[in-house]
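A closer look at the structure
The residues making up each chain are set out below.
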Amino acid sequence: MELYYCGICGTFAISGPGREAAPLRQRARAPEASGMVWDRQTKMEYEWKPDEQGLQQILQLLKESQSPDTTIQRTVQQKLEQLNQYPDFNNYLIFVLTKLKSEDEPTRSLSGLILKNNVKAHFQNFPNGVTDFIKSECLNNIGDSSPLIRATVGILITTIASKGELQNWPDLLPKLCSLLDSEDYNTCEGAFGALQKICEDSAEILDSDVLDRPLNIMIPKFLQFFKHSSPKIRSHAVACVNQFIISRTQALMLHIDSFIENLFALAGDEEPEVRKNVCRALVMLLEVRMDRLLPHMHNIVEYMLQRTQDQDENVALEACEFWLTLAEQPICKDVLIRHLPKLIPVLVNGMKYSDIDIILLKGDVEEDETIPDSEQDIRPRFHRSRTVAQQHDEDGIEEEEDDDDEIDDDDTISDWNLRKCSAAALDVLANVYRDELLPHILPLLKELLFHHEWVVKESGILVLGAIAEGCMQGMIPYLPELIPHLIQCLSDKKALVRSITCWTLSRYAHWVVSQPPDTYLKPLMTELLKRILDSNKRVQEAACSAFATLEEEACTELVPYLAYILDTLVFAFSKYQHKNLLILYDAIGTLADSVGHHLNKPEYIQMLMPPLIQKWNMLKDEDKDLFPLLECLSSVATALQSGFLPYCEPVYQRCVNLVQKTLAQAMLNNAQPDQYEAPDKDFMIVALDLLSGLAEGLGGNIEQLVARSNILTLMYQCMQDKMPEVRQSSFALLGDLTKACFQHVKPCIADFMPILGTNLNPEFISVCNNATWAIGEISIQMGIEMQPYIPMVLHQLVEIINRPNTPKTLLENTAITIGRLGYVCPQEVAPMLQQFIRPWCTSLRNIRDNEEKDSAFRGICTMISVNPSGVIQDFIFFCDAVASWINPKDDLRDMFCKILHGFKNQVGDENWRRFSDQFPLPLKERLAAFYGV
């Protein structure tokens, strides 16, 4: 079967076997042709009629495209693509949709959906006559007797509208609005369906001057239909108005009281879709017009309590969002306190798996470890670029907030459901009310946690996990009894109980680690390691994630058990299917981060490295599974230090190649975007981060590898990449290479410093943070030679340290870098001392004693000796920062002493006494004890 174009009638047809196709050539069409023709003088439209044979061929294609056979579908797809070359092909499609009532509805609808895709892809190429024919057919058939056809026409209308045609189709909105008043239900419903889709897709332009603000007419019109006798139309009306709440559209704000009044009137509507839209509106109004809801808040809360228990789960889910949104409002605590006795049981009840959830989760399948994963089960992984942070006294590494412990225990069902929403609401409410919530929760928990039905027991364990963060203090007295019970639940016969227990225990890991290790940590670790080798994939996944959390909390507490832990994790390599392997990499990487150099023992290396290197050799350069493996190896290399030397050369070389390949592909794509695809830059980012890990772990041992490669040339390109994450990782690597083998970096400093200066832009927090840190590392190596570069960076750094709401990590790195610059070039930096001394001191008072803090404080002391007047106004802050040192080196302590006594001698004893009386007592005592002032 082949396509041919009929030059006589200006249409196409498809030749059957044995019939030769006419040559493909376009001719001017004679007036009697059956395509659409315009009379130039009168612009009168002639009725377009299809060629019967062409029509039959298209119907045949539409039928074939519904075949389950993918080969047939592919062939049809190609033919449809070819047909787009013919100007009136789209006329045929609209004809089948709107005029061919004898055809079955799925075929007609499919014709409309293919037309919609053509509009999306090629609308600008449609001849005017075709466009006008399609538009008029849509409006004439919006009231088709079939709901499916009406909906398809509505989709087609909004697709045309969203292609910028609202401006070029001035009669569309007036026409649809006038059709709302039609006596014919189908016409009214069809017009409303189309308007709802337009409101969803084009809300912004509807509320702009471009169209002369049609909403001023549309919104009052929609409000009239809230009381319509048809539930479908009431639902459309609310859904249309809902599109304009969050943007606080002026036309809606003028009618806000009428809108709210009408919503209340619909509160008990018998149609679930209407109730759902009412709940959605109230949730949005909570964020936007709380002032208007407050007088009715008691009734609204009571209503939402009922709706959260609605028989229709979609309504219940929409209502449940109300508690999540309300919890973020300052008034939440006062508004909800009296409703907690009713609300908490409702949320807890919503946390049970529904029957349909259990079916979808294959809750009755206990053992599935041998079944390979289907690729769509595996979520795309995104690499998080390296950010350099300071160590803190109280909490190890200060990280950006991590969302790993969100309530995410059943990701194979729809991403968001009543169970998850109820659990999230309970979590946020626990953070609002803290221990005040416990009297409402504890009696329920007692009943749930020991229930004989597994579904009920499982929900109790989820409740316990959900309140962990907010109610931790109040839960402590119960944990000695609860933790052993949960550890026992890890062996429950139901996989879904075992998996949720892993998650809940991870939420209490901080407390477990604070107790003597033999009491809870050891039994918990032992059981979790067994679950890592569970025969159920969901449990393996939950156990791996929970173990990673435990590793972060326990850190070096795990060192005595390393052999046992590694044994389990390495065995899991041979057992796991694709998806869980990716999570296993994370657990191994986190273990390396947590125990650090304790991993560097020949017997541990011998266990861990062969399976990792085997995976590394199996994966191709374009396989995205490299991301988690490279992240894992980065942590392992940093931890193993010299222990990684036997493996470093091929790993280093491959990372450099990945960077080089990605940059080359990006250059081709920039030069000829039509011919070359843009590369996935995550490959380059992960490679740069692993190179950082190698530099940090191997230190000076990396020197030979750097000498034999072009990594600095590649970094020069990466540091100028458009993508912030690429720049972020390249600055981290620059800092690490500066520490490891500065002799190779030094020749490039004149090229690198201007780029670092332009990246001190706090709009890109992590890029700015890493650039700042790298400048500090470079200055320590450069010494006095840093002088010419100070003007490129100092003003930006002082501006950042004085900026309100700057994240802690960036403030700390900025303070350290300013201190280091002052250490090596005091004459250049000290004149600005007064502009940064106060934020400098407050930023650094909380970080641990370490080399970076040491060099920064030496810098500040040197600058004070050059410009003592710069510190006088803020001297109390300097005293506080000095007192934050636990154990400074002797010569640094002497510098502090000299400055403190110098200041005291200058102002005299009486003034010093008055000055030091302002100090908090601990500060006063500390300075007296350590420095004798």
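What counts as what
- Residues numbered from 1 in each chain as written.
- Predicted model: local features only at pLDDT ≥ 70, side-chain atom pairs only at ≥ 80, totals over all residues.
- Heavy atoms only, no water.
- Helix = DSSP H or I, 4+ residues; strand = E, 2+ residues; numbered from the N terminus.
- Contact = heavy atoms within 4.5 Å.
- Areas by Shrake-Rupley, 256 points an atom, 1.4 Å probe, with all protein chains shown as cover.
- Lys, Arg positive; Asp, Glu negative; His and termini not counted.
- Charge placed at Lys NZ, Arg CZ, Asp CG, Glu CD.
- Buried < 20%, exposed > 50% of the residue type's maximum accessible area, 1.4 Å probe, protein only.
- Axes fitted to C-alpha atoms, helices over the stretch in contact; angles between N-to-C directions.
- Parallel < 35°, antiparallel > 145°, perpendicular 65-115°, else oblique.
- Left-handed = near helix turned anticlockwise from the far one by under 90°.
- Salt bridge = Lys/Arg side-chain N within 4 Å of Asp/Glu carboxyl O.
- Expected span 1.5 Å × (residues − 1).
- Phe/Tyr/Trp six-rings, centres within 6.5 Å; stacked < 30°, edge-to-face > 60°.
- Lys NZ or Arg CZ within 6 Å of the ring centre and 35° of its normal.
- Patch = residues over 30% accessible without salt bridge, like charges linked within 9 Å, V, L, I, M, F, W, Y side chains within 5 Å.
- pLDDT = per-residue confidence, 0-100.
- 1 Å grid on protein atoms, 1.4 Å probe; cavity = no way out; pocket = protein on both sides within 12 Å on 5 of 7 lines; lining within 4 Å.
- Points joined across faces, edges and corners; volume = space filled by probe spheres on them.
- Nonpolar A, V, L, I, M, F, W, Y, C, P; charged D, E, K, R; others polar.

Within an unreviewed UniProt entry, the label attached to the protein chain reads Transportin 1, and the organism entered is Ovis aries.

Okay, the overall build of the protein chain next. Along its length, the protein chain carries 51 helices and four strands. Projected onto its principal axes, the C-alpha coordinates of the protein chain cover approximately 105 × 65 × 60 Å. A separation of at least 24 residues holds for 73% of the contacts in the protein chain among residues at least 6 apart in sequence. About 41,200 Å² of surface is accessible on the protein chain, with carbon and sulfur atoms providing 51% of the total. Of the side-chain charges in the protein chain, 85 are positive and 130 negative, and the distance between the mean point of each set is 1 Å.

A few words now on unusual backbone geometry. The backbone of Arg-434 sits at a positive phi, close to 50°, despite the residue not being glycine. Residue position: Arg-434 is located in the loop between α21 (418–433) and α22 (438–449). We classify Arg-434 as partly exposed; its relative accessible area is 41%. Even without being glycine, Cys-555 reaches a positive phi, approximately 45°. Its place among the elements puts Cys-555 in the loop between α29 (537–554) and α30 (562–575).

At their nearest, the axes of helix α45 (residues 833–844) and helix α46 (residues 851–866) sit 12 Å apart, and the two run at 150° to each other. Our classification of the angle between α45 and α46 gives roughly antiparallel. Handedness of the α45/α46 crossing: left-handed. The residues of α46 that touch α45, namely those facing Leu-833, Phe-836, Ile-837, Trp-840 and Leu-844, are Lys-853, Ala-856, Phe-857, Ile-860, Met-863 and Ile-864.

A separate point is the pattern of salt bridges. Applying the stated criterion across every chain yields a total of 45 salt bridges. Between Lys-101 and Asp-144 there is a salt bridge, and its shortest N-O distance comes to 3.3 Å. Placement of Lys-101 in the loop between α3 (89–98) and α4 (105–122) and of Asp-144 in the loop between α5 (128–140) and α6 (147–168) is noted, with a sequence separation of 43 residues between them. The class of Asp-144 is buried, set by a relative accessible area of 5%. The shortest N-O distance in the salt bridge between Asp-269 and Arg-234 comes to 2.7 Å. Pair noted here: Asp-269 is in the loop between α13 (256–265) and α14 (272–288) and Arg-234 is in helix α11 (residues 231–242), with a separation of 35 residues, a long-range link. Residues participating in the shared-partner salt-bridge network are Glu-910, Arg-913, Arg-914, Asp-917 and Lys-924.

The end-to-end C-alpha distance of α45, which contains 12 residues, comes to 15 Å, matching closely the 16 Å that a straight helix rising 1.5 Å per residue would cover. Taken residue by residue, α45 has Leu-833, Phe-836, Ile-837, Pro-839, Trp-840, Cys-841, Ser-843 and Leu-844 as its buried positions. Buried residues along α45 sit against α42 (790–801), α43 (808–824), α44 (826–829), α46, α47 (869–872) and α48 (875–883).

Moving on, we come to the packing of aromatic side chains. Within this structure, the stated rule accounts for 25 aromatic pairs. Arranged with centres 5.6 Å apart and planes meeting at 40°, the rings of Phe-875 and Phe-878 form a pair that is tilted. Pair noted here: Phe-875 and Phe-878 are both in helix α48, with a separation of three residues, about one helical turn. For Phe-878, a relative accessible area of 0% corresponds to the buried category. Ring geometry for Phe-930 and Tyr-931: centres 6.3 Å apart, planes at 35°, overall tilted. The ring of Tyr-353 is capped by Arg-419, whose NZ or CZ atom sits 3.7 Å from the centre of that ring. Between the NZ or CZ atom of Arg-654 and the centre of the ring of Trp-616, over which it lies, the distance is 4.8 Å.

Looking at where Lys-494 falls in the secondary structure, it is placed in the loop between α25 (479–489) and α26 (495–507). Residues in contact with Lys-494, not counting those within four places in the same chain, are Gly-363, Asp-364, Glu-366 and Trp-454.

Here we come to the packing of α43 against α46. For the pair α43 and α46, interaxial distance at closest approach is 7 Å and the crossing angle is 55°. Here α46 runs oblique to α43, going by the angle between their axes. Like other packed secondary-structure pairs, α43 and α46 cross with a definite hand, here left-handed. Between α43 and α46, the residues in contact are Ile-816, Ile-818, Gly-819, Arg-820, Gly-822 and Tyr-823 and Glu-851, Glu-852, Ser-855, Ala-856, Arg-858, Gly-859, Thr-862 and Met-863, respectively.

Below, the discussion takes up a negative patch on the surface. Taken together, the side chains of Glu-552, Glu-553, Asp-586 and Asp-593 present a region of like negative charge at the surface. Elements with a contribution of two residues or more to the negative patch: α29 and α31 (578–595). With respect to the element layout, Glu-553 can be found in helix α29. A residue is classified by how much of its surface remains accessible, and Glu-553, at 33% relative accessible area, is partly exposed.

Across the protein chain, the average pLDDT comes to 88, with 91% of residues at or above 70. Considering only residues more than four positions removed or in separate chains, one finds that residues 394–414, a stretch of pLDDT under 50, has 51 contacts.

A separate point is empty space enclosed by the protein. Summed over the entire model, instances satisfying the criterion amount to one cavity of 30 Å³ or more. Approximately 30 Å³ is the volume attributed to the largest cavity. Looking at the largest cavity, the residues that line it are Cys-502, Leu-505, Ser-506, Ala-509, Leu-524, Leu-528, Ala-546 and Leu-550. At the level of elements, α26, α28 (521–532) and α29 are the ones that each hand at least two residues to the lining of the largest cavity. Classifying every residue of the lining of the largest cavity by side-chain character gives seven nonpolar, one polar and no charged.

A few words on the environment of Lys-808. Tracing the sequence through the fold places Lys-808 in helix α43. The sequence separation of Lys-808 and Ser-843 amounts to 35 residues, and the corresponding C-alpha distance is 7.4 Å.

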